[in-house]
Amino acid sequence: PMETHVFHASAFEGTVAESDEMRPAWFPEDAIPLEKMWPDDEHWYPAFLRGEKFVGTFWFDREKKITRHELEVVETLPARADGL
């Protein structure tokens, strides 16, 4: 299993750098290339862009296709067991 947390940053300092996992790119909100992203992004990204908080679980098969998903927009995020 993989746990992922999504963060929003409206400003940064420093230099954006490419990594093995990602090449940074900026797009207008109405032109985000969801078809080139992980398949779950099309489900949660609209809520993210609206500034909503959400909790979700996505199950993938070996071909990275979603076999099941749950996504809920919430008022507050649940507390984490590790206290962070």
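Note that the structure is predicted; figures quoted are calculated from it, not measured.

Enquirer: Got a sec to walk through the overall build of the protein? Specific residues and values, please.
Expert: Counting its regular elements, the protein contains one helix and two strands. Each helix (α) and strand (β) of the protein, taken in turn from the N terminus, gives the series α-β-β. Summarising its shape, the C-alpha atoms of the protein cover approximately 35 × 35 × 25 Å along the three principal directions. Put simply, the protein has 84 residues, and 13% of those count as buried. For the protein, contacts bridging at least 24 residues in sequence account for 21% of all contacts bridging at least 6.

Enquirer: Tell me about the pairing of strand 1 (residues 53-60), and please be specific about residues and values.
Expert: Across eight bridges, the pairing between strand 1 and strand 2 (residues 66-74) is antiparallel. Bridge pairing in strand 2 links Gly56 to Leu71. In sequence, strand 1 turns back onto strand 2 through a hairpin of five residues, with Lys64 there showing a positive phi of about 65°.

Enquirer: Can you tell me about the environment of Pro33, naming the residues and giving the values?
Expert: Summarising the element assignment, Pro33 is placed in the segment before helix 1 (41-49). Separated by 20 residues in the primary sequence, Pro33 and Glu13 place their C-alpha atoms 25 Å from one another.

Enquirer: I'd love a proper account of the layout of surface pockets, names of residues and values included.
Expert: When its volume is computed, the largest pocket comes out at roughly 2800 Å³. What lines the largest pocket is a set of 48 residues, among which His5, Val6, Phe7, Trp44 and Tyr45 lie closest to the centre. Within the residue set of the lining of the largest pocket, elements represented by two or more residues are helix 1 and strand 1. For the lining of the largest pocket, the element with the most residues is strand 1, which contributes eight residues. Counted by class, the lining of the largest pocket contains 31 nonpolar, seven polar and ten charged residues.

Enquirer: Before we move on, can you summarise the nonpolar core with the specific residues and values?
Expert: The biggest cluster of nonpolar side chains holds seven residues, and these are Ile32, Trp44, Tyr45, Ala47, Phe48, Phe54 and Phe58. Looking at this core, the elements with two or more residues in it are helix 1 and strand 1. Of the residues forming this core, the biggest block, four residues, is contributed by helix 1. Excluding residues within four positions of it along the chain, Phe54 makes contact with Val6, Trp44, Ala47, Phe48, Leu71, Glu72, Val73, Val74 and Leu77.

Quick notes on the rules
Residues numbered from 1 in each chain as written. Predicted model: local features only at pLDDT ≥ 70, side-chain atom pairs only at ≥ 80, totals over all residues. Heavy atoms only, no water. Helix = DSSP H or I, 4+ residues; strand = E, 2+ residues; numbered from the N terminus. Buried < 20%, exposed > 50% of the residue type's maximum accessible area, 1.4 Å probe, protein only. Contact = heavy atoms within 4.5 Å. Pairing = 2+ DSSP bridges. 1 Å grid on protein atoms, 1.4 Å probe; cavity = no way out; pocket = protein on both sides within 12 Å on 5 of 7 lines; lining within 4 Å. Points joined across faces, edges and corners; volume = space filled by probe spheres on them. Nonpolar A, V, L, I, M, F, W, Y, C, P; charged D, E, K, R; others polar. Core = buried A, V, L, I, M, F, W, Y, C linked by side-chain atoms within 4.5 Å.

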